[in-house]
Amino acid sequence: MRGQFTGWPEQAMDVLWQLQGEPTHATRERYRADRERLVRQPMIALLDEVADTDPRYEDFSVWHYRTDSWWWQHQSAVIRLGRKIEIGLRFSLDGLRIQGAWWYPDPGQVDMFRKAVASEGSGRELSAIVEDVRKKGYDISGDVMKRPPRGYPTDHSRTKLLRHRSLIAARPLGCEEWLHTPEAVDRVLSAAADLDALLMWLVRHVKRAA
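As the structure is a computational prediction, the values presented were derived from the model and not from experiment. (Residues numbered from 1 in each chain as written. Predicted model: local features only at pLDDT ≥ 70, side-chain atom pairs only at ≥ 80, totals over all residues. Heavy atoms only, no water.)

> Whenever I open this one, the sheet that holds strand S1 (residues 60-62) confuses me. Can you help?
Each strand in a sheet pairs with another by means of backbone hydrogen bonds, the pair being arranged parallel or else antiparallel. Overall, antiparallel pairing links the 6 strands, which are arranged S1-S2-S3-S4-S6-S5 in an open sheet. Looking along the sheet, the strands with just one partner apiece sit at the ends: S1 and strand S5 (139-141). Neighbour-to-neighbour, the strand axes of the sheet open up by a mean angle of 15 degrees, direction not taken into account. As paired strands, strand S4 (residues 95-102) and strand S6 (residues 167-174) are joined by 7 bridges and run antiparallel to one another. Bridged to Leu 96 within S6 is Gly 174. (Pairing = 2+ DSSP bridges. Helix = DSSP H or I, 4+ residues; strand = E, 2+ residues; numbered from the N terminus. Axes fitted to C-alpha atoms, helices over the stretch in contact; angles between N-to-C directions.)

Structure follows, in structure tokens:
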């Protein structure tokens, strides 16, 4: 049910600005409560509303700060859709960024991915999905081998995909006024819809390790 998330307050940017560079321990502690209230809690509220729209989005985590200054400057969160398959969100001075990712695979998952890529039906489907996602403005990346994997022909029509040991589609959503309004929920849901076909393909074919 809508109503919890009202957007990140504009003061959230002021807090992140104060945490740039290598803030001292004293600086971090000075802004800890404000960062929790103005930066992290809005991310939780956002994902609560996203989860209300689709039960697939209910398994999410919103990270704490840790010791590295990067974690204080970037508020990250994930929505888990399958084993090592997730939607990632990141809020920072650059605005909001989203990615759909299968990464840090379990043993056996890379082999499952390659077999699905090599198979004519599922492979052609993934190739078309990746191209569609790319056309929507997403950068496609991952852990990519320099050469095709052993056991597959070097001239395979989907050799670029076969070289992947992880697959990530990411793009910035922006840093406009909507970040400070409930419209951010709709922006995230729209981007999640962009990534849905890719992530559901991955859930079907590499969800479980062999």
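> Sorry if this is basic, but what is going on with the packing of aromatic side chains here?
For any two aromatic rings, the description comes down to two numbers: the centre-to-centre distance and the angle of the planes. Applying the stated criterion to the full structure yields 7 aromatic pairs. With a centroid separation of 5.6 Å and an interplanar angle of 80 degrees, the aromatic rings of Phe 5 and Trp 8 are classed as edge-to-face. Residue Phe 5 shares its accessibility class with Trp 8, and that shared class is buried. Ring geometry for Tyr 65 and Trp 72: centres 4.7 Å apart, planes at 40 degrees, overall tilted. Comparing Tyr 65 with Trp 72 shows no difference in burial state: the two are buried. By way of ring pairs, the aromatic residues Phe 5, Trp 8 and Phe 91 are connected into one cluster. We note Arg 66 situated over the ring of Trp 63; from NZ or CZ to the ring centre the distance is 5.9 Å. For the cation-ring pair, Arg 66 lies above Trp 71, with the distance from its terminal atom to the ring centre recorded as 4.1 Å. (Phe/Tyr/Trp six-rings, centres within 6.5 Å; stacked < 30°, edge-to-face > 60°. Buried < 20%, exposed > 50% of the residue type's maximum accessible area, 1.4 Å probe, protein only. Lys NZ or Arg CZ within 6 Å of the ring centre and 35° of its normal.)

None of the figures reported here should be taken as evidence of function without further support.
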